[in-house]
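Here is how the chains run, residue by residue.
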Amino acid sequence: MSSRLLVLSAIAFCLLITFDPVECREESFVYLAPSCRKHSVSITDFGGVGDGVTVNTNAFRNAVAHLAKFSTDGGGQLYVPPGRWLTGPFNLTSAFTLYLHRDAVILASQDISQWPLIDALPSYGRGRDAPGGRYSSLISGTNLSDVVITGDNGTIDGQGEIWWKMFRSKQLNYTRGYLVELMHSDGIVISNLTFVNSTAWNIHPVYSRNIIVKGVTILASLTSPNTDGINPDSCSHVRIEDCYIVSGDDCIAIKSGWDQYGIAFGMPSKHIYIRRLTCISPTSAVIALGSEMSGGIRDVYAEDIVAINSETGVRIKTAPGRGGFIKKIYVRGMTMHTMKWVFGMTGAYGQHPDDKYDPNALPVVKGICYSNMIAHNVTTAGKLLGIPNAPFTHISISNVTITMASGTSRAWNCSNITGKSRNVTPQPCSLLPAEHGRKHGDGPCHFPKVKDITDHVKFKVCTYKSSHVGDKDM
């Protein structure tokens, strides 16, 4: 349904139930979600004050606790109206929607004492920034089902600069939290919001499945540390689409645990679909796989990607000690402008959680397919460096045209890899010999025609009117 028809339908529906066009315009709205909710409250019903100064942590926590009572009775929706809503971390519940008005801003508290400490992820064994535990994320949830975080392009602002300064000056004893982290959950939708100034990673689903991130804008200072955009971590059936990300780190990073802890946990990231992404990341990758990939990464499909002024188009990061695998990775239809590297692979990304990792736990990198890409103003076409005695194999690059920046002298740098290429300019290194004889298709490997279960999720028109929520199947 087009946005115009959606608005007209909403007005018609609102008039039908209120007979008051002023009330419809000012107090009703519609949005798309897989599930609509029977019960609805505003954060103001629980004493919330949107002045940017009053701390609303208890208001958010109490509102969610109230709506949790309805998880088996049609679910609950929490509406955040226009205002600047300062809060510390709070948890969500199942059968729940958090909806932000276009002029609503959720502001993360800069009072670190309001951020509870929680355990390290078991697949990491310690915090990512420092040994030990970590700070809670701003918006969290564990063992949830049917969770929607959405709005009319409202904003979640991590106010992360204070955290960035403490991280750089090594004043933090624990790992920073994220803007959103949902663990062990099933059925997550995050859509139509803007995330800015995260403390570290922005959106981190972990140990979860059936996830849709759609129509999201993520903005961070280009020099902010570790402000990755979207990081599916030991997750399956993930769809990321129609997103715009400006990041101080990777725009999207797919992960699955760190060294011996990730190997023992053994939960891969798989069946991940990325399409219609625009990324700006001058110091990191548009799409990264790893470096924490010890549970394995497979069946990743990415297409229709635009990269501007970014370090690497697609980057694989791993090392001895990681174990695990990265395989069945398909990327096509990328357009890149001003890049340091188009393709990056490294088997020497040597960060480890501790000295107990097994250096003989070698990762398997196999079945990597890149096709139908154009890149301009590039410093190095590809830096593809595998691991001695564990080369990266079955790498295929086809139908790729790269225009090198003036003054560049070496287009490709390759070692410990095997594969093939077709119709690639400039000609790849000798470890990727040209294949002749085919004139059509994606080249040496083909982008599979796949449909994920998330593609079959039906969205409804959900309606907010005071305490009433209606729905209509799309």
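Everything discussed here concerns the structure shown above.
Residues numbered from 1 in each chain as written. Predicted model: local features only at pLDDT ≥ 70, side-chain atom pairs only at ≥ 80, totals over all residues. Heavy atoms only, no water.

Caption draft 1: Layout of the overall build of the protein chain. Across its full length, the protein chain holds five helices and 31 strands. Principal-axis analysis of the C-alpha atoms places the extent of the protein chain at approximately 70 × 50 × 40 Å. In the protein chain, which comprises 474 residues, the proportion classed as buried is 58%. Sequence separation of at least 24 residues holds for 76% of the intrachain contacts in the protein chain that already meet a minimum separation of 6. Seen as two clouds, the 44 positive and the 38 negative side-chain charges of the protein chain have centres 7 Å apart. (Helix = DSSP H or I, 4+ residues; strand = E, 2+ residues; numbered from the N terminus. Buried < 20%, exposed > 50% of the residue type's maximum accessible area, 1.4 Å probe, protein only. Contact = heavy atoms within 4.5 Å. Lys, Arg positive; Asp, Glu negative; His and termini not counted. Charge placed at Lys NZ, Arg CZ, Asp CG, Glu CD.)

Caption draft 2: Seen up close, the sheet that holds strand 6 (residues 90-91). Pairing is parallel across the open sheet formed by four strands, whose spatial order is 6-11-14-17. Looking along the sheet, the strands with just one partner apiece sit at the ends: strand 6 and strand 17 (203-206). Where strand 6 meets strand 11 (residues 139-142), two bridges bridge the pair, whose relative direction is parallel. Bridging across to strand 11, phenylalanine 90 finds its partner in isoleucine 139. (Pairing = 2+ DSSP bridges.)

Caption draft 3: Local environment of the state of the cysteines. Counting across every chain of the model gives three disulfides. For cysteine 36, the disulfide goes to cysteine 462, at an S-S distance of 2.0 Å. Around the S-S axis, the bridge from cysteine 36 to cysteine 462 shows a dihedral of about -90 degrees and counts as left-handed. Taken together, the residues cysteine 36 in the loop between strand 1 (28-33) and strand 2 (39-42) and cysteine 462 in strand 30 (residues 460-465) connect sequence positions 426 residues apart. Residue cysteine 36 shares its accessibility class with cysteine 462, and that shared class is buried. (Disulfide = S-S within 2.5 Å.)

Caption draft 4: Structural view of the layout of surface pockets. If you add up the space inside the second largest pocket, you get close to 420 Å³. Sorting elements by how many residues they give to the lining of the second largest pocket places strand 24 (residues 297-317) first, with three residues. Its residues placed into classes, the lining of the second largest pocket shows five nonpolar, seven polar and 12 charged. (1 Å grid on protein atoms, 1.4 Å probe; cavity = no way out; pocket = protein on both sides within 12 Å on 5 of 7 lines; lining within 4 Å. Points joined across faces, edges and corners; volume = space filled by probe spheres on them. Nonpolar A, V, L, I, M, F, W, Y, C, P; charged D, E, K, R; others polar.)

Caption draft 5: Seen up close, the environment of alanine 68. Residue placement: alanine 68 occurs in helix 3 (residues 57-68). Classification of alanine 68 by relative accessible area gives partly exposed; the value is 29%. Alanine 68 sits 340 residues away from threonine 408 along the chain, and the two C-alpha atoms are 59 Å apart.

Caption draft 6: Region of the structure containing unusual backbone geometry. Look at the link from glycine 290 to serine 291: it is a cis peptide, with omega at 5 degrees. In this structure, serine 291 sits in the loop between strand 23 (285-289) and strand 24. Here the residue pair threonine 425 and proline 426 is connected by a cis peptide bond, since its omega of -5 degrees sits within 30 degrees of zero. Along the chain, proline 426 falls in the loop between strand 29 (417-425) and strand 30. Positive phi, close to 55 degrees, is recorded for asparagine 416, a residue that is not glycine. Along the polypeptide, asparagine 416 turns up in the loop between strand 28 (412-415) and strand 29. On the accessibility criterion, asparagine 416 (30% relative accessible area) is partly exposed.

Caption draft 7: Molecular detail of the side chain of asparagine 210. Counting through the fold element by element, asparagine 210 comes out in strand 18 (residues 209-214). Under the relative-accessibility criterion, asparagine 210 is labelled buried at 19%. Beyond its immediate stretch of four places on either side in the chain, asparagine 210 contacts Asp186, Gly187, Ile188, Ser236, His237, Ile453 and Thr454.

Caption draft 8: Representation of helix 4 (residues 161-168). Along helix 4, the residues classified as buried are Trp163, Trp164 and Met166. Angularly, the buried residues of helix 4 cover 165 degrees about the axis, an arc narrow enough to put them on a single face. Those residues of helix 4 that are buried are in contact with strand 10 (134-135). Lysine 170, located one to two residues past helix 4, shows a positive phi value of around 60 degrees. (Arc of directions from axis to C-beta.)

Caption draft 9: Examining empty space enclosed by the protein more closely. By the definition in use, this model includes one cavity of 30 Å³ or more. Computed from the structure, the largest cavity encloses a volume of approximately 60 Å³. Residue lining of the largest cavity: Leu121, Tyr124, Arg126, Gly127, Arg128, Arg134, Thr175, Tyr178, Trp201 and His204, and that is the complete set.

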